[in-house]
Amino acid sequence: MAISRARKEELIAKYVETLSQSDGFIVAQYSAMTVAETEQLRHKLRENHGEYMVTKNTLFKIALEQAEWPIPDDMLKGSVGVCFSKGNLPGMTKAVMDFRKDFEEKFILKGGVMGSSIFAEGDIKAVSELPTLDELFPQILGMLIQPQQGLVNTIHAADAQIVNVLQPAVSQIVNVLQAHITQNLEGGGEGAADAA
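As a starting point, this report considers the structure included with it. Fair warning: this is a prediction, and the values are worked out from it, not measured in the lab.

## A closer look at the sheet that holds strand β2 (residues 50-54)
Spatial ordering of the open sheet is given by β2-β3-β1-β4-β5, a layout of five strands whose pairing is antiparallel. In this open sheet, the two strands that pair with only one neighbour each are β2 and β5 (117-120). On average, each strand axis in the sheet is inclined to that of its neighbour by 20 degrees, with strand direction left out of account. Of the strands in this sheet, β1 (24-30), β2 and β3 (80-85) touch helix α1 (residues 5-20), which is tilted by about 155 degrees from β2.

Written as structure tokens, this is what we have:
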């Protein structure tokens, strides 16, 4: 069924907007998937910062060109659905791989795009094994905190060294002052008695 020019422009704009929010996508060929199965996939992807969209191949190619993404021409043939990642491509890819286990005949992975690179079906598993944002965050935080912790430890050690160096000197000063005060008190008492 032919679609109007306005509808085509609307779809292209929707694809471009989705691409602008995406850090990569996976292309899959689907066949005979039920509405319930498609909703199951969409739900699984939403949980992992992803979105599933059945695309019109010609219009999707135009959107890819407008958004300046690589165009995986060989993948965009037949009934195609695209799984878009919104900031967590490894996590979203894991969810796609998990979904595919139950629907291998109905949902065939063709490949995808990450950044400026097109990757083949065989590379999808490798992408799914990259660390997710949830896994990377503690590692990055540790790398950021570690230098500061070292600085705090160095300052604390320096403080301790300064105290260790100054303590004997302060003790000597206190002893000298105490001796001087004692001497003055004793000397002042004698001078007062002599004057009387």
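There is more to say after this.
## Focus: a nonpolar patch on the surface
The grouping of Ile-173, Leu-177, Ile-181 and Leu-185 at the surface amounts to a nonpolar patch, some 430 Å² of accessible area in total. Take Leu-185: it is sitting in helix α6 (residues 133-195). Assessed through its relative accessible area of 64%, Leu-185 is described here as exposed.

## Let's talk about the nonpolar core
Counting 19 residues, the largest nonpolar core has Ile-26, Leu-45, Cys-83, Met-92, Val-96, Phe-107 and Leu-109 as its most contacted members. Element by element, the count of residues in this core is highest for helix α4 (residues 89-102), at six residues. Membership of the second largest hydrophobic core comes to 18 residues, among which are Ile-12, Leu-19, Met-53 and Leu-59.

## Concerning the pairing of β5
Pairing of strand β4 (residues 107-114) with β5, which is carried by four bridges, proceeds in the antiparallel orientation. Within the sheet, the bridge partner assigned to Val-113 lies in β5 and is Ile-118. Adjacent in sequence and paired antiparallel, β4 and β5 are bridged by two residues, among which Gly-115 carries a positive phi angle near 65 degrees.

## Examining the side chain of Thr-93
Note that Thr-93 resides in helix α4. When neighbours within four sequence positions are excluded, Thr-93 is seen to be in contact with Ile-26, Ile-124, Val-127 and Ser-128.

## Some details on the packing of helix α2 (residues 35-46) against α4
Between α2 and α4, whose axes approach to 9 Å, the crossing angle comes to 155 degrees. Compared by their axis directions, α2 and α4 come out roughly antiparallel. The two elements α2 and α4 cross, and the hand of that crossing is right-handed. Between α2 and α4, the residues in contact are Glu-37, Gln-40, Leu-41, Lys-44 and Leu-45 and Met-92, Ala-95, Val-96, Asp-98 and Phe-99, respectively. Class assignment of the residues belonging to the contact of α2 with α4 gives a composition of six nonpolar, one polar and three charged.

## Examining the packing of α1 against helix α3 (residues 57-66)
Interhelical geometry of α1 versus α3 gives an angle of 50 degrees and a closest axis separation of 9 Å. Classified by the interaxial angle, the pair formed by α1 and α3 is oblique. Crossing angle aside, the handedness with which α1 passes α3 is right-handed. Between α1 and α3, the contacting residues are Lys-8, Leu-11, Ile-12, Tyr-15, Val-16 and Leu-19 on the first element and Leu-59, Phe-60, Ile-62, Ala-63, Leu-64 and Gln-66 on the second. A breakdown of the residues in the contact of α1 with α3 according to their chemical character gives ten nonpolar, one polar and one charged.

## Observations regarding the packing of aromatic side chains
Applying the stated criterion to the full structure yields eight aromatic pairs. Taking the centre distance of 5.6 Å and the plane angle of 90 degrees together, the rings of Tyr-15 and Phe-60 count as edge-to-face. With Tyr-15 in helix α1 and Phe-60 in helix α3, this pair connects stretches of sequence that are 45 residues apart. Across the pair, Phe-60 and Tyr-15 agree in class, each one buried. Relative to Phe-84, the ring of Phe-60 lies with its centre 5.9 Å away and its plane at 80 degrees, an arrangement referred to as edge-to-face.

Parameters at a glance
Residues numbered from 1 in each chain as written. Predicted model: local features only at pLDDT ≥ 70, side-chain atom pairs only at ≥ 80, totals over all residues. Heavy atoms only, no water. Pairing = 2+ DSSP bridges. Helix = DSSP H or I, 4+ residues; strand = E, 2+ residues; numbered from the N terminus. Axes fitted to C-alpha atoms, helices over the stretch in contact; angles between N-to-C directions. Contact = heavy atoms within 4.5 Å. Patch = residues over 30% accessible without salt bridge, like charges linked within 9 Å, V, L, I, M, F, W, Y side chains within 5 Å. Areas by Shrake-Rupley, 256 points an atom, 1.4 Å probe, with all protein chains shown as cover. Salt bridge = Lys/Arg side-chain N within 4 Å of Asp/Glu carboxyl O. Buried < 20%, exposed > 50% of the residue type's maximum accessible area, 1.4 Å probe, protein only. Core = buried A, V, L, I, M, F, W, Y, C linked by side-chain atoms within 4.5 Å. Parallel < 35°, antiparallel > 145°, perpendicular 65-115°, else oblique. Left-handed = near helix turned anticlockwise from the far one by under 90°. Nonpolar A, V, L, I, M, F, W, Y, C, P; charged D, E, K, R; others polar. Phe/Tyr/Trp six-rings, centres within 6.5 Å; stacked < 30°, edge-to-face > 60°.

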